[in-house]
Amino acid sequence: MPQSPWSHSRSAGVADDIDFEIKGQELQFVEIELDPGESAVAEAGALVWKDAAVGMTTVFGDGSGAQGGGFMGALLGAGKRLVTGESLFTTVFTHNGSGKARVAFAAPVPGAIVPLKLDSVGGTLICQKDAFLCAAKGVSMGIAFQRRIMTGLFGGEGFIMQKLDGDGWVFVQFGGMVVERELAAGEELHVDTGCVAAFTPSVEFDLVGAGGVRSAIFGGEGLFFARLRGPGKVWIQSLPFSRLAGRMMAAASSHGGQNRGEGSVLGGLGDLIGGNR
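Residues numbered from 1 in each chain as written. Predicted model: local features only at pLDDT ≥ 70, side-chain atom pairs only at ≥ 80, totals over all residues. Heavy atoms only, no water.

Across its full length, the protein carries five helices and 20 strands. By residue count, 43% of the 277 residues in the protein fall in the buried class. Residue pairs at least 24 apart in sequence account for 74% of intrachain contacts in the protein once pairs closer than 6 positions are excluded. In the structure as shown, the protein presents an accessible area of about 13900 Å², 59% of it carried by carbon and sulfur atoms. (Helix = DSSP H or I, 4+ residues; strand = E, 2+ residues; numbered from the N terminus. Buried < 20%, exposed > 50% of the residue type's maximum accessible area, 1.4 Å probe, protein only. Contact = heavy atoms within 4.5 Å. Areas by Shrake-Rupley, 256 points an atom, 1.4 Å probe, with all protein chains shown as cover.)

Laid out in structure tokens, this is it:
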């Protein structure tokens, strides 16, 4: 498989290690190469294409088996996915033939797909609720509760975030460009509450005031910033989908989505004359 800045080839002696390459810029997809018997698990509806030798099975929950066998284990896993905003079901793609086979998954919004080897970040990643795209089979998806009431109310992520556990590759999707920062012990980073994409469990996540009353009311940044305190790694996204959706709704709401320009110095009368109403 050709190399790119976001690609990985199998390491010698590593048993459950998938090969992959991320293609595209703003509208990305990840292409995973499977050996016979290997599987990848993906969010429902994420498939772009697959080779004919790759079989597809829809399962209840995350398909990892981490919650134990039987119906109750699957029900628990599915329930955790439901409260984090994901589908009750995931799809398992398994290479049932010989040689190499490929399957590709795409992010649903403009942004970046970030590959992470969970054992390289301590085995656990805390991320925004809709971040999971796909993973090597065996990665489990759970819940991370925000225990601070104010952070849950105003932190931009709510009281429930997504927790990904395991030691394999996982692919998460974030909005816009993504920056990875390594925070030293005690080092703090203040981030817009919607731009916190993911962090390792050792990072402390709470809130700090955005400034004085004037800044809070007229600064456009809200009342609080997210305060991330190290040690640990954090991932920051430049364009949360909620911000993009809010701008689109604001642009379309006043004229039902029919405005052909950016406005007029004559206000509503100019819009009427210009055919925007």
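Turning our attention to unusual backbone geometry. Of note, the bond from G230 into P231 is cis; its omega dihedral lies within 30 degrees of zero at 20 degrees. Mapped onto the elements of the fold, P231 is located in the loop between β19 (224-229) and β20 (232-237).

As a further point, take the nonpolar core. The biggest cluster of nonpolar side chains holds 21 residues, and the ones touching the most others in it are V30, I32, F105, C134 and F171. Each residue touching F105, except ones within four places of it in the same chain, is listed here: F29, V30, I32, A40, A42, A46, L47, V48, F93, I113, L133 and C134. Grouped together as the second largest cluster of nonpolar side chains are 18 residues, V114, L125, V172 and A197 included. (Core = buried A, V, L, I, M, F, W, Y, C linked by side-chain atoms within 4.5 Å.)

It is worth spelling out the sheet that holds strand β16 (residues 188-191) at this point. On the basis of which strands lie adjacent, the open sheet formed by three strands has the order β16-β19-β18 and antiparallel pairing. The outermost strands of the open sheet, each flanked by one partner alone, are β16 and β18 (204-209). Along the sheet, successive strands turn relative to each other by an average axial angle of 30 degrees, direction set aside. Inspection of the sheet shows β18 paired to β19 by six bridges, in the antiparallel sense. Bridge assignment links F205 to a residue of β19, and that residue is L228. (Pairing = 2+ DSSP bridges. Axes fitted to C-alpha atoms, helices over the stretch in contact; angles between N-to-C directions.)

With that settled, the discussion passes to the pattern of salt bridges. Under the counting rule described, the total for this entry stands at 10 salt bridges. With its nearest N and O atoms 3.1 Å apart, the salt bridge here joins D119 to K117. K117 gets classed as buried once you look at its relative accessible area, which sits at 18%. Beyond isolated ion pairs, a larger network of salt bridges with shared partners links K23, E31, E33 and R102. (Salt bridge = Lys/Arg side-chain N within 4 Å of Asp/Glu carboxyl O.)

Note on placement: A136 falls in strand β11 (residues 132-136). With 19 residues separating them along the chain, A136 and K117 place their C-alpha atoms 9.9 Å apart. Ignoring sequence-local partners within four residues, the contact set of A136 consists of I18, S39 and W169.

With that out of the way, let us pick up the environment of W169. Structurally, the position occupied by W169 is in strand β14 (residues 169-175). Residue W169 is classed as buried on the basis of its relative accessible area, which comes to 13%. Between the alpha carbons of W169 and V139 there is a distance of 7.9 Å; along the sequence they are 30 residues apart.

Moving on: the packing of aromatic side chains. Going through the model one piece at a time under the given rule, you end up with four aromatic pairs. Taking the centre distance of 5.1 Å and the plane angle of 65 degrees together, the rings of F93 and F105 count as edge-to-face. Of this pair, F93 sits in strand β7 (residues 89-95) while F105 sits in strand β8 (residues 101-106), placing them 12 residues apart in sequence. Judged by its relative accessible area of 2%, F93 is buried. (Phe/Tyr/Trp six-rings, centres within 6.5 Å; stacked < 30°, edge-to-face > 60°.)

We now examine the confidence of the model for the protein. When pLDDT is low, close inspection of the predicted coordinates is not appropriate. Scored by pLDDT, the protein has a mean of 76; 65% of the residues are at 70 or more. By mean pLDDT, helix α5 (residues 268-273) is the weakest element of the protein at 48, and β8 is the strongest at 96. Every residue in residues 260-266 is under pLDDT 50, and counting partners more than four places away or in other chains gives six contacts. Here residues 272-277 is a poorly scored stretch, pLDDT under 50, and it has 11 contacts once near neighbours within four places are set aside; other chains count. (pLDDT = per-residue confidence, 0-100.)

Spatially, six strands are ordered β6-β7-β4-β11-β14-β9 in an open sheet, and the strand pairing comes out antiparallel. Whereas interior strands pair on both sides, the edge strands pair on one side only; in this sheet they are β6 (54-60) and β9 (111-117). Strand-to-strand twist in this sheet, taken as the mean axis angle between neighbours without regard to direction, amounts to 20 degrees. Alignment of β6 against β7, held across seven bridges, turns out to be antiparallel. Each bridged residue has a counterpart across the sheet, and for V54 the counterpart in β7 is H95.

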